[in-house]
Every structure is written in C-alpha cells, then in structure tokens.
Amino acid sequence: MSDWSDRTLGMNRPIARRDFISGVAVGVAASGLSLPAWAAEAPDYPPLKTGLRGQYPGSFETAHMARDGSFGGAVPADDSGEHYDLVIVGGGISGLSAAHFYRQALGDDRKILILDNHDDFGGHAKRNEFHYGGRTILAYGGTMSIESPFPYSFTSKKLLADLGVDLASYERFETKAYAGLGNATFFDRQHFLNDKLVTGTGKKPWPQFFAEAPLSPAVRADLTRLHTQVKDHLPGLDPEAKAAALKAMSYQDYLLKHAGMLPECLPFFTGQGYRNNKRVDTLPAWEAALSKRAPGFAGMTLPGQIHAEAQHFHWPDGNASVARLLVSALVPGVFPGKLDQESVVLAPANYAALDNAKNAVRIRLSSMVIRAEHLGPVTRSTEKAARVVYVKDGQRVAVTAANVILACFNNIIPFIVPSLPQAQKAALLYPSKVPMQYTNVLLRDWKAWAKLGIKAIHAPNGYHTTTALDTPMAIGGYRSAQTPDEPVVLHMVRNPNSPGSPRKEQNRIGRADMLATDYTTIEREIRSQLQRMLGSAGFEAARDIAGITVNRWPHGYSYTYDTLGDPDVHDEQRPHILGRQSFGRMAIANADASASAFTNTAIDMGERAVQECLISRGLS
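Presented here is an overview of the structure given in this document. Predicted, not measured: the structure shown is a model, and the values here were computed from it. (Residues numbered from 1 in each chain as written. Predicted model: local features only at pLDDT ≥ 70, side-chain atom pairs only at ≥ 80, totals over all residues. Heavy atoms only, no water.)

### Section: the overall build of the chain
Condition: What counts as a helix is a DSSP run of H or I of at least four residues, what counts as a strand is a run of E of at least two, and both are numbered from the N terminus. Note that the radius of gyration is over C-alpha atoms, with the globule rule given as 2.2 Å times the number of residues to the power 0.38. Only protein chains enter the accessibility calculation, which uses a 1.4 Å probe; a residue is then buried when its area is under 20% of its type maximum, exposed when over 50%, and partly exposed in between. The contact criterion used is simple: two residues touch if any of their non-hydrogen atoms lie within 4.5 Å. Computed with the Shrake-Rupley method and a 1.4 Å probe, the accessible areas treat only the protein chains shown as cover for residues. By the counting rule applied here, Lys and Arg register as positive and Asp and Glu as negative, while His and the ends of each chain are not counted. To locate a charge, take atom NZ for lysine, CZ for arginine, CG for aspartate or CD for glutamate.
Secondary structure summary: the chain contains 21 helices and 23 strands in total. Taken against the 2.2 N^0.38 rule, which gives 25 Å for 620 residues, the C-alpha radius of gyration of the chain at 25 Å falls within 12% of a compact globule. Here the C-alpha coordinates of the chain stretch approximately 75 × 65 × 45 Å along the principal axes. Residues classed as buried in the chain amount to 58% of the 620 residues present. Put simply, of all contacts in the chain between residues at least 6 apart along the chain, 73% involve residues at least 24 apart. Of the roughly 24400 Å² of accessible surface on the chain, 53% is carried by carbon and sulfur atoms. On the chain, the mean spot of the 65 positive side-chain charges and the mean spot of the 61 negative ones are 1 Å from each other.

Next up, the structure:
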C-alpha cells in the first residue's frame, strides 16, 4: 500500500488526472502548463500529446484483430483508385529509409505511399514535447541515440551524412550542467530492510557504499566480497573453456553456484538491466563478464575480444530527429526548407502536409494495414502487382502497387500476408519483442537532485528501475535546463519481467502486463516512487510534477539471440534470415529483420529491401 493519499501525490490535479481529448490534457491551463497558439489550433499535433503514448489505445487493436483471424479469406475494401510504385507498411526509420533509397535508385518522381498505424511517424523513434513557462522542453519517447556496439555500415553512415549529420561533432552539443553529480541506488523496504537512497554508486568504495545500505550483516558482507574480491571462480579451465562454460549458464547461476553468493543477495541484482532486457536469470554469464560492470569476474582471464563501437550522437528528442530529417527530405511542405542536425531540433512540423496528393511521397498515419497480396501471377513487367488494404477511421481502403515493403514488426507480417510459405511464417513469429516503457516526467525544477548530488537513480526492484535527469544539451537554438531552478525532464525506464521464466516468455508476460495496466495505475506508481526516492531532499510529487508522458511499448525493441535461450545454428539458418526472404514483389525491412535493435540496422534493412524490390522487377 502507498504511504501517501492520491491527493498528497497530486493525483487530484487536472494535469495529473489526464482528462484527454485526442491525448491533450483538458486541464492544462490549471496546471501551469501553457499551450502555444498553434498547438491550440492543432490539437492533434502528436508530439505534444501527454498521458499514455507509444503504442497507445487505438493504435494496435486492429492489428490484434488481424492476429486473431478477423480478416481471414478475401478482404473486401473500397477501391481508392490510387496506384503507387511502392507502398511501404510502417513509417519508422526503416520504412522512411527505404523510401529514401528507392528514390535514389529510381528517381524522385517515384510515387510512394507510407502507411502507419500510429498518429505519428518514426516508429519507436518518437518525440515528446512539453510546453511550460513559455519554453519548449523536448524528450525522447523511444529510440535514444545514434549508437551501436558495432560500427555503422557505409550505407547507414552515408544516409546520415546525406541528411546533414556529422557524427564527429556531437561533443560540442552536450553541456556540463550536471558536472559533479553522481549516481545513487534506491533500496526499497519490500526487498531490503527499509527504504533508503544511497548516493555514490560506483564512486564510493564498495565497503563504504554497502555499509550505508539497509542490508543484513550477512548480505552486506557477501555483496562487499563479491564486488571487491579478485578470484577466478572457474579454476582449472583455460580461457576458451571458461568462455564456453559462461555461455552455457546464466549470470544468476554463476553467482550462486560458482561465485558462492548468498541467495539473499539476489534482490540487489534482479533489476539490473542488460542489453535487450536480459536480467540476471536470463543473461548468459559470458555477456555479464564482457559488460565490464558485472561483479564476480575480476580474477578471470578470458579470450580477447574485438571492440569497435559506433560513433555516438544524441538529440533532445532522440532519433525522432533522424525520422524528422528523413521526412523533410521525402515530403515537401512538412518542414520549412532543408534541415540539418541542428535546425531539425526546433523546426515546426505541418502534419497536414504529410498526405498531400501533389507530392510524390505521401505518409498516411492512423492507417493499419490488414492485407498485402499479389494480384494474380506477376511477371517482371507487371505494373499493378500487389494490392494493399488498410483500415483508417473504421473504413477499409485498398491501393495498388508495383512493389510493397513490409517495414512493420515481423510478428504481424504472417497475418497480413497469409499467402507466405508456412516455414517463413514460423520464422517471422519466432522472436518475442522486448516490452519497454519510457516515461518522461516534467519537473518544475531539479533542486532535490542537486541537493542530493545525483543525476541518476537505479532502483533494483522499482516499478521503474532507472530514473535520470535528461541529457543536458544546447543544439539548434534549443537549450535544456542548465541550473537546478529550471524545469527538467526525468527519463524513467521500465521493463516488466517475470523471473524464473525463459526470456521470450518473460517478454510475452511483460507485454500482457503493460497492455492490461491503465494510465491511472502507472501515474500513481510514478508519483509514489519519486516521492519515496526523493522525499528526503524536499521533493513533493503534488507540487513538483508538471507533466507526464508514458511511452508504452509492449512490442518494443527487436529480439536478439543469446547462448542460453536460442539454438546454436549457422547464421543462414537464423529465424531473422529465413523470415526476411522476399516474396514476389514484396520485401521485408525492419530492425527485426536484422535481429538487432539499433537504428543503423533498421537503415541497412531498408536498403536491402529496396535492392530486393529492384531485383523483383529486373532492375538490378
């Protein structure tokens, strides 16, 4: 039960209760949040919508109907009379990139229609805006940055350069507003002795850090040992044999069975998130060892690894800026003139121009595709090769195309292209996308954080396991909070898990949990958690929270393979390779097709799909 009433937490306030019309808060004026004149005239401007966003109610129900067989057999629809050179299903970065590459190959006059079931373009790369105190405050609602544990391809680097992005220039845009601030860990009373925020995570000596934590003497001693001991817990094995052994066990099993950790210490590790939402019970110990931040491997010699990470670039709205740059290059009239990495940040977007019949490229939002099919036998010279049916405003509409690129989730493709071979359908259904929740909380100031001397909090068992002040930036005329008395966005991350189940099953359970949880419950968890963590520094949820946007992604990041949960097969036998094969005039482009949740691979898959389209027509 909560220690605070809804009134104390601010649940009674108009902006917090979120009485929405099209996602815009009715009580915004009473809260102190101010809408600019243009936003009042355009209530459907998606980035400004607060409350429950991401895969919001209304965006996915038709897809679930397709999954459940509601559109089996012949699918009647109103014939729009529209024909395109290319129809792209999915307006994320992969789909937008595919449109860019198709135009590069065949010319800017090619007619392209991009269909997306959401009310905004960008896929997981979503922009959140808050308007408060006469200023615009940005945040990212999904894909965060240009980054990858491996180098970007020539294709993805060239696309970014064509869009005006200089990856080497990023350092000059991130400010030093949080200089001197560190990290903290929140120990909750449900899993430890009591609620306590301990600062200095990773900076204080581990004996001192754990001495301040609310732990039993035995747990404190064992966690201290684990973090400071230099010992090889797999003696007698050479480095290659150690690697093989670590790949075959979870990090949890390694800690308990080889490092000798007390089971009572596990709550400290349960909320530790690793790449692709792996947790202590689903993370291969080998990956933990390579992370360099997981304790228990200090005395172990392992085979050398090649490290070649990509360059890093971040915008205040994350990779929504990449999507905006692509749209500005594809669709005239949406943005004012040619944009670059700086001007894109504050450039106003005219969403009414996205679907303009005068433009060669059109983006049609809130349009869920329920069928893509060939129109009889297709030869290389067939122009009207495919029919695509989508649902918009409750009406089924059909268009035709010479080529179709499916840049949507792999899991939905078998249900909208039922004529695919069964083996390909099975491969497309193999992955279980990672459920993620990116919550952005607008605070009136960050004085409590400055008082505590912190910029980020890890809560091992919190509803949100990570809470951090948003990256401080100054770019393109935009400047985020630089002093503690200015409003700031907190970025909170939640990945629901079910310890003890296989990773794919945990993803499914987490997805169901997210879809079943209403906004009011989420808001109460947000306010309660922040009050518990920051209350000792004078934070008051009812007073200090000025806005909340919950970016809910039940079907979040692409599934990646690991040595515990997936078969060890040659790359050409991997499900993502088998699933992405072209089918007549249809090709598949999305991050799922690369089994990698990174922007560069989404771009690469868009280019690959375009090449397959050209081949299907004898143009390559």
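We are not done yet, so read on.
### Focus on the environment of aspartate 222
Looking at where aspartate 222 falls in the secondary structure, it is placed in helix α9 (residues 217-228). Using a relative accessible area of 9% as the deciding quantity, one classes aspartate 222 as buried. Note: C-alpha distance between aspartate 222 and alanine 179 (43 residues apart in sequence) is 33 Å. Ignoring anything within four residues of it in the chain, the contact list for aspartate 222 reads Gly260, Met261, Leu262 and Cys265.

### A closer look at the pairing of strand β18 (residues 466-469)
Going by this rule: Strand pairing follows a simple DSSP-based rule, namely that at least 2 bridges must link the two strands.
Summarising the sheet, strand β17 (residues 454-458) and β18 pair through 3 bridges and their orientation is antiparallel. Counterpart to alanine 456 in the pairing with β18 is alanine 468. Pairing analysis gives 4 bridges linking β18 to strand β21 (residues 488-494), with the strands arranged antiparallel. Along β21, the bridge assignment pairs alanine 468 with histidine 491.

### Observations concerning the packing of helix α6 (residues 93-106) against helix α21 (residues 599-616)
When two helices pack together, their arrangement is given by the angle between the helix axes and the distance between those axes. Note the threshold: Orientation is described by lines fitted to C-alpha atoms, with helices fitted over the stretch in contact, and by angles between N-to-C directions that extend from 0 to 180 degrees. For classification purposes, an angle smaller than 35 degrees is called roughly parallel, one larger than 145 roughly antiparallel, one from 65 to 115 roughly perpendicular, and anything else oblique. By definition, any crossing whose near helix is turned counterclockwise from its far helix by less than a right angle is left-handed, and any crossing with a clockwise turn is right-handed. Residues are sorted three ways: Asp, Glu, Lys and Arg are charged, Ala, Val, Leu, Ile, Met, Phe, Trp, Tyr, Cys and Pro are nonpolar, and all the rest, Gly among them, are polar.
Orientation of α6 relative to α21, taken along the N-to-C sense of each, is 45°, at an axis distance of 8 Å. Here α6 is positioned oblique relative to α21, judged by the angle of their axes. The two elements α6 and α21 meet at a crossing, and its hand is right-handed. Judged by residue contacts, Ile93, Ser94, Ser97, Ala98, Phe101, Tyr102, Ala105 and Leu106 of α6 engage Thr599, Ala602, Ile603, Met605, Gly606, Glu607, Val610, Cys613 and Leu614 from α21. In terms of residue class, the contact of α6 with α21 is made up of 12 nonpolar, 4 polar and 1 charged.

### Quick notes on the sheet that holds β21
One open sheet accounts for 8 strands, arranged β3-β22-β16-β21-β18-β17-β9-β10; its pairing is mixed. Taken across any chain shown, the strands that pair with only one partner, and hence form the sheet edges, are β3 (51-54) and β10 (196-199). Mean inter-strand twist for the sheet, computed between neighbouring axes without regard to direction, equals 20°. Taken together, the 7 bridges between strand β16 (residues 434-443) and β21 define a ladder with antiparallel strand orientation. Bridging across to β21, leucine 442 finds its partner in valine 489. Contacting β3, β9 (182-187), β10, β16, β17, β18, β21 and β22 (545-557), helix α18 (residues 519-534) crosses the sheet at an angle of about 115° to β22.

### Remarks on the side chain of lysine 504
Its location among the elements puts lysine 504 in helix α17 (residues 503-516). Residues contacting lysine 504, with those up to four places away along its chain left out, are Tyr430, Ser432 and Tyr559.

### Re the nonpolar core
Defined as follows: To define a nonpolar core, start from buried Ala, Val, Leu, Ile, Met, Phe, Trp, Tyr and Cys residues and group those joined through side-chain atoms within 4.5 Å.
Counting 66 residues, the largest nonpolar core has Ile88, Phe313, Trp315, Val327 and Ile405 as its most contacted members. Here tryptophan 315 is in contact with Ile146, Val165, Ser321, Val322, Gln341, Val344, Val345, Met473 and Ile475, once residues within four sequence places are set aside.

### Description of the packing of aromatic side chains
Basically, it comes down to this: In this analysis, rings of Phe, Tyr and Trp, with Trp reduced to its six-membered ring, are considered paired at centre separations within 6.5 Å, and the interplanar angle assigns stacked below 30 degrees, edge-to-face beyond 60, and tilted for intermediate values. Two thresholds decide whether a charge sits over a ring: the Lys NZ or Arg CZ must be within 6 Å of the ring centre and within 35 degrees of the ring normal.
In this structure the tally under the stated criterion is 23 aromatic pairs. The interplanar angle of 45° and the centroid separation of 6.2 Å between the aromatic rings of phenylalanine 187 and phenylalanine 209 together place this pair among those described as tilted. Here phenylalanine 187, found in strand β9, pairs with phenylalanine 209, found in helix α8 (residues 206-212); they are 22 residues apart in sequence, far enough to count as distant. Like phenylalanine 209, phenylalanine 187 is buried. With centroids separated by 6.1 Å and ring planes inclined at 90°, the aromatic side chains of tyrosine 251 and phenylalanine 269 adopt a geometry described as edge-to-face. Taken together, the residues span a long stretch of sequence, with tyrosine 251 in helix α11 (residues 251-258) and phenylalanine 269 in the loop between α11 and α12 (285-291) at a distance of 18 residues. With respect to burial, tyrosine 251 and phenylalanine 269 carry one shared label: buried. Joined through ring pairs, the aromatic side chains of Phe187, Phe192, Trp206, Phe209, Phe210, Tyr251, Tyr254, Phe268, Phe269, Tyr274 and Phe297 make up one cluster. Between arginine 574 and the ring centre of tyrosine 561, over which it is positioned, the NZ or CZ distance is 4.5 Å.

From the geometry alone we can't say anything about function, so treat these as descriptive.
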